Amino acid sequence: MSNVQSNTTQGNVAPHFKRVLTLKDLVIYGIAFMTPIAPAYIYGFAAQSTGGMLPLAYLVAMVAMMFSAYSYGRMAAAFPIGGSTYTYTQRAINAHLGFFAGWAMFMDYVLVPLIVFMVGASYANALIPMIPYWVWVLLIASIITFVNIMGIGIAAKANQILVIFMGIVVVIFVIFCMKVVVGEDGGSSLISITPFFNGETFAMTAIISGAAMACFSFLGFDSITTLSEEAVNPKEDIWKAAILSCLIGGVIFIVQAYVAQLVWPDVNSFSSADTALFDIANAAGGALLATLYTVAIIASTFTAGITGQASASRLMFSMGRDEVLSKKFFTHLHPKYKTPVYNILLLCSISIVGAIFLPINLVAELMNFGGLAGFMLVNLSVIVYYYFRKKEKKFIRYFLIPALGFLICFYLFINLSPMTLKVGFIWLAIGFVYALFKTKGFKKYPPSFKEM
């Protein structure tokens, strides 16, 4: 069965995706994007910067991100169609600002599959060095692209399998860590306040800095809203899935950081901060657990790559359908699988080139620019749409919560590195020139797709 439907009104055919995704699918999708094993990417440096209190930083980050998750959910309930940040800003605030929201998030979504190609290929090359890095990039890209062309239903099933595998590895890792702690000091040592508060090293600035870093492990829950047109019950399920994925993902991150801290209290003694959790896995379960953890990291690149590429292709589809981008190209659907195949192939090509030629640290930093810009605009959209336009005077629900979400994201945004801000604003300037041309000097509003 296809996962796109068409409605015809006054002779015009508007393509629509088929609604096939349940609440469980959406939650798994969000967790898959964040990846259960995300702490492996930042643990060493983040643990050191927080003075061994990364679990506390993750707790703060989880609470912070749930404000924005709530706002995404409220806007998805108001506009249960594809486009996510772009659609919400366009409909709630201003059509032109909506374009810039989509433009900023577009960079973020494009970079997600790019960075996972890089990470996956790097770890795979380390595991099997006789296969060159660039071959791994092509192999990972081919698998992810094939799955997405086959359709979102196939992608959802693939994500379920990979998320279950990563979940099993995380459970095994936690069990081995607990076993080591119990074996050394007895069961009572499993309960400790130190990973959450250590009076000797506690510094509020360090915790906030660590929380800002930890927030980036949560980037991806917003991708759930790009699937509004494919959700069975978007008005109820999207906001629930956004909050649940943040909550479940946060608990998974906190537990891993907590047991890791108990196994290796001296966070300044890792052989390498980049591979700190592999040191801990090796200490807890030997080479076998360390290898299994490496395989799970590679698996995480597939889940994040599949979801990232799927979300970006659907954002491009929505912008093409609104004629902000080329309608003929960006709304083209595969004749059999009914997926935006041109968008998927374009994203694959960009990711392959970027993975081979760009430094991973630059890509990682640039991801944060688009993500935080989008979060701010969605929080603002809730206030404008519900509190001012619809006059729903529920202060906490439609003003205070999204306002806090906006302020938190703004604080993180202004603390991005100067290079990230420079490149990010150059990207926005390119978008400004394009929009200036497309709208004839902003005299013409971008067309808006109306759900039939």
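Everything quoted here is computed from the prediction, not taken from an experiment.

1. Here we look at the overall build of the chain
Secondary structure assignment for the chain yields 15 helices and two strands. Scored against the burial criterion, the 452 residues of the chain give a buried share of 57%. Once local pairs closer than 6 in sequence are excluded, the contacts in the chain between residues at least 24 apart make up 80%. By element, 70% of the accessible surface of the chain is carried by carbon and sulfur atoms, the whole surface being about 18300 Å².

2. Describing the nonpolar core
Counting 142 residues, the largest nonpolar core has Tyr43, Tyr58, Met75, Phe173, Phe218, Ile280 and Tyr293 as the members making the most contacts within it. With near-sequence residues (within four places) excluded, tyrosine 58 lies in contact with Pro39, Ile42, Ala214, Ser217, Phe218, Phe253, Ile254 and Ala257.

3. Considering helix 5 (residues 95-127)
Residues lying three or four places apart along an α-helix face the same way, a consequence of the helix completing one turn every 3.6 residues. Between the first and last C-alpha of helix 5 there are 48 Å, a value that for 33 residues agrees with the 48 Å anticipated at 1.5 Å per step. Summarising burial for helix 5: 28 of the 33 residues are buried, a large majority.

4. Observations concerning the packing of helix 4 (residues 85-92) against helix 5
Interhelical geometry of helix 4 versus helix 5 gives an angle of 165 degrees and a closest axis separation of 7 Å. Here helix 5 runs roughly antiparallel to helix 4, going by the angle between their axes. For the pair helix 4 and helix 5, the crossing hand works out as right-handed. Contacts between helix 4 and helix 5 involve Thr85, Tyr86, Thr89 and Gln90 on the former and, on the latter, Ala95, Leu97, Gly98, Phe99, Ala101, Gly102 and Met105. Split by residue class, the contact of helix 4 with helix 5 holds six nonpolar, five polar and no charged.

5. Things to note about the packing of helix 5 against helix 15 (residues 418-438)
Close contact between helix 5 and helix 15 brings their axes to 10 Å; oriented N to C, the two are set at 135 degrees. When the interaxial angle is binned, helix 5 and helix 15 end up oblique. Between helix 5 and helix 15 the crossing geometry is right-handed. On helix 15, the residues touching Phe99, Phe100, Trp103, Ala104, Phe106 and Met107 of helix 5 are Gly424, Trp427, Leu428, Ile430, Gly431, Phe432, Tyr434 and Ala435. Considering only residue class, the contact of helix 5 with helix 15 consists of twelve nonpolar, two polar and no charged.

6. Remarks on unusual backbone geometry
Working note: non-glycine residues mostly have negative phi, and peptide bonds are mostly trans. The phi angle at threonine 35 is positive, at roughly 70 degrees, despite the residue not being glycine. Mapped onto the elements of the fold, threonine 35 is located in the loop between helix 1 (23-34) and helix 2 (39-49). Judged by its relative accessible area of 3%, threonine 35 falls in the buried class. Its identity is not glycine, yet lysine 391 carries a phi of approximately 60 degrees, on the positive side.

7. Comments concerning the environment of alanine 355
Along the chain, alanine 355 falls in helix 12 (residues 341-357). Under the relative-accessibility criterion, alanine 355 is labelled buried at 2%. Considered as a pair, alanine 355 and methionine 118 are 237 residues apart in the sequence and their alpha carbons are 5.2 Å apart. In this structure alanine 355 touches Leu114, Phe117, Met118, Tyr133 and Val137, once residues within four positions along its chain are discounted.

8. Here we look at the packing of aromatic side chains
This structure, assessed with the given rule, holds 27 aromatic pairs. With a centroid separation of 6.1 Å and 15 degrees between ring planes, the pair formed by tryptophan 103 and tyrosine 434 is classed as stacked. Highlighted residues: tryptophan 103 in helix 5 and tyrosine 434 in helix 15, separated in sequence by 331 residues. You can call tyrosine 434 partly exposed: its relative accessible area is 27%. Relative to phenylalanine 410, the ring of phenylalanine 406 has its centre 6.3 Å away and its plane inclined at 5 degrees; by these criteria the two rings are stacked. One end of the pair, phenylalanine 406, and the other, phenylalanine 410, are both in helix 14 (residues 395-414), four residues apart, so they sit about a helical turn from each other. Under the relative-accessibility criterion, phenylalanine 406 is labelled partly exposed at 26%. With relative accessibility at 39%, the residue phenylalanine 410 sits in the partly exposed group.

9. Topic: the environment of proline 132
If you trace the backbone, proline 132 turns up in the loop between helix 5 and helix 6 (133-150). The exposure class assigned to proline 132 is partly exposed, which follows from its relative accessible area of 34%. Placed ten residues apart in sequence, proline 132 and serine 122 show a C-alpha to C-alpha distance of 9.4 Å.

The rules behind each value
Residues numbered from 1 in each chain as written. Predicted model: local features only at pLDDT ≥ 70, side-chain atom pairs only at ≥ 80, totals over all residues. Heavy atoms only, no water. Helix = DSSP H or I, 4+ residues; strand = E, 2+ residues; numbered from the N terminus. Buried < 20%, exposed > 50% of the residue type's maximum accessible area, 1.4 Å probe, protein only. Contact = heavy atoms within 4.5 Å. Areas by Shrake-Rupley, 256 points an atom, 1.4 Å probe, with all protein chains shown as cover. Core = buried A, V, L, I, M, F, W, Y, C linked by side-chain atoms within 4.5 Å. Expected span 1.5 Å × (residues − 1). Axes fitted to C-alpha atoms, helices over the stretch in contact; angles between N-to-C directions. Parallel < 35°, antiparallel > 145°, perpendicular 65-115°, else oblique. Left-handed = near helix turned anticlockwise from the far one by under 90°. Nonpolar A, V, L, I, M, F, W, Y, C, P; charged D, E, K, R; others polar. Phe/Tyr/Trp six-rings, centres within 6.5 Å; stacked < 30°, edge-to-face > 60°.

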